[in-house]
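Read off the chains here:
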Amino acid sequence: MAVSSQTKRRFALATALRGALMLLAGLYAIIWPIEALAVLVLFGAILLIIDGALGLWSLTFGGGKSGNYWFDVAANAASLILGVLILISPLLATVFTVTFLSSLVGIAAIIVGVMQIVVIVRERESYARIWPVVLSGVSYVLLGLVFLLFPLLSASIGMIIGGVLLIVFAVGLFGWAWRLYQASKAG
């Protein structure tokens, strides 16, 4: 099916718009990392709620069973509760700082890492190689320790790195938009 040049121009414009939004978000994250982190925390709370609700729905009604059923239930319930607390609690938004939230991320990363290591060691007969999962678990534990020991610095550096990645992605989107635009003129 042939795509009209008008449609290709719309795709090019939509792609360029995505690139512009990515560029602005990246610059915002680099210039004001703490403020960008506050916005990200709100979006993260929304994602936690969605993830927890969908995870619980999947376990309850969707047939999403795993070998760690109760761990999955607890993790999804905790995700849902944490997301709701971040969104509705003015105390969390004003009194508790990014340091507290970074510490929560650190604790969660350590718990996830330890759980990965425990589960893979316990069920090692089912896997050909366990070292990639063990390495992943160790990486989570190390990341958690960094977040616990240097919470504000970790969050700020993470935002700056994320901003740089957004800018790189924006440049790629601009290149793609340009190619789409050129294709619309050729056709």
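Conventions we followed
- Residues numbered from 1 in each chain as written.
- Predicted model: local features only at pLDDT ≥ 70, side-chain atom pairs only at ≥ 80, totals over all residues.
- Heavy atoms only, no water.
- Helix = DSSP H or I, 4+ residues; strand = E, 2+ residues; numbered from the N terminus.
- Rg over C-alpha atoms; globule rule 2.2 N^0.38 Å.
- Buried < 20%, exposed > 50% of the residue type's maximum accessible area, 1.4 Å probe, protein only.
- Contact = heavy atoms within 4.5 Å.
- Areas by Shrake-Rupley, 256 points an atom, 1.4 Å probe, with all protein chains shown as cover.
- Lys, Arg positive; Asp, Glu negative; His and termini not counted.
- Charge placed at Lys NZ, Arg CZ, Asp CG, Glu CD.
- Core = buried A, V, L, I, M, F, W, Y, C linked by side-chain atoms within 4.5 Å.
- Phe/Tyr/Trp six-rings, centres within 6.5 Å; stacked < 30°, edge-to-face > 60°.
- Expected span 1.5 Å × (residues − 1).
- Salt bridge = Lys/Arg side-chain N within 4 Å of Asp/Glu carboxyl O.
- Axes fitted to C-alpha atoms, helices over the stretch in contact; angles between N-to-C directions.
- Parallel < 35°, antiparallel > 145°, perpendicular 65-115°, else oblique.
- Left-handed = near helix turned anticlockwise from the far one by under 90°.
- Nonpolar A, V, L, I, M, F, W, Y, C, P; charged D, E, K, R; others polar.

Undergrad: What should I look at first to understand the overall build of the chain in this one?
TA: Helices and strands together make up the secondary structure of the chain, namely seven helices and zero strands. Reading the secondary structure of the chain in the N-to-C direction produces α-α-α-α-α-α-α. Taken against the 2.2 N^0.38 rule, which gives 16 Å for 187 residues, the C-alpha radius of gyration of the chain at 21 Å runs more than 25% over that of a compact globule. Taking the principal axes of its C-alpha atoms as reference, the chain extends roughly 60 × 45 × 35 Å. Counting over 187 residues, the chain shows a buried share of 24%. Expressed as a percentage of contacts within the chain between residues at least 6 apart in sequence, the contacts between residues at least 24 apart total 76%. On the chain, roughly 12100 Å² of surface is accessible, and the fraction owed to carbon and sulfur atoms is 77%. Here the chain carries 10 positive and 5 negative side-chain charges, and the mean point of each set is 22 Å from the other.

Undergrad: Before we go on, may I ask you to explain the nonpolar core in this structure?
TA: If you look at soluble globular proteins, the nonpolar side chains tend to sit buried side by side. Grouped together as the largest cluster of nonpolar side chains are six residues: Ala29, Ala36, Leu37, Val98, Ala155 and Met159. Every element with two or more residues in this core is listed here: α2 (33-60) and α7 (151-186).

Undergrad: Help me understand the side chain of Asn76, please; the structure alone is not making it clear to me.
TA: Within the secondary structure, Asn76 is located in helix α3 (residues 69-88). Since its relative accessible area comes to 13%, Asn76 is described here as buried. Not counting chain neighbours up to four residues away, the residues in contact with Asn76 comprise Asp51, Gly52, Gly55, Leu56 and Leu59.

Undergrad: Would you take a moment to explain the packing of aromatic side chains for this structure?
TA: How two aromatic rings sit relative to each other is given by the distance of their centres and the angle of their planes. The tally for this structure, following the rule as stated, stands at two aromatic pairs. Considering the side-chain rings of Tyr28 and Trp32, the 5.6 Å spacing of their centres and the 55° angle between planes classify their relative orientation as tilted. Its relative accessible area of 32% is what places Tyr28 among the partly exposed residues. For Trp32, a relative accessible area of 44% corresponds to the partly exposed category. For the ring pair Trp178 and Tyr181, a centre distance of 5.9 Å and an interplane angle of 35° mean the geometry is tilted.

Undergrad: Even after reading the chapter, I still don't get helix α1 (residues 5-31), so can you show me in this structure?
TA: Each full turn of the α-helix corresponds to 3.6 residues, which orients residues three or four apart in the same direction. Spanning 27 residues, α1 covers 38 Å between terminal C-alpha atoms, matching the ideal 39 Å at 1.5 Å per step. Listing the buried residues of α1 in full gives Ala12, Thr15, Gly19, Gly26 and Ala29. Of the surrounding secondary structure, the elements contacted by the buried residues of α1 are α2 and α7.

Undergrad: When you look at the pattern of salt bridges in this model, what are you seeing that I'm missing?
TA: Scanning all chains against the criterion turns up one salt bridge. Glu123 is paired through a salt bridge with Arg122; the nearest N and O atoms lie 3.4 Å apart.

Undergrad: Would you take a moment to explain the packing of α1 against α7 for this structure?
TA: Taken N-terminus to C-terminus, the directions of α1 and α7 make an angle of 165°; their axes are 7 Å apart at the nearest point. Taken together, the axis directions place α1 and α7 in an arrangement best described as roughly antiparallel. Once α1 is placed against α7, the crossing between them reads as left-handed. Counted by class, the contact of α1 with α7 contains 24 nonpolar, six polar and three charged residues.

Undergrad: Can you help me understand the packing of α2 against α3 in this one?
TA: Two measures define how a pair of helices packs: the angle their axes make with one another and the distance between the axes. Where α2 meets α3, the axes come as close as 7 Å, and the angle between the chain directions of the two elements is 145°. Note that α2 runs across α3; the crossing there is left-handed. Two secondary-structure elements touch here, α2 through Val41, Leu42, Ala45, Ile46, Leu48, Ile49, Asp51, Gly52, Ala53, Gly55, Leu56 and Leu59 and α3 through Tyr69, Asp72, Val73, Asn76, Ala77, Ser79, Leu80, Leu82, Gly83, Val84, Ile86 and Leu87. Tallied by class, the residues present in the contact of α2 with α3 amount to 17 nonpolar, five polar and two charged.

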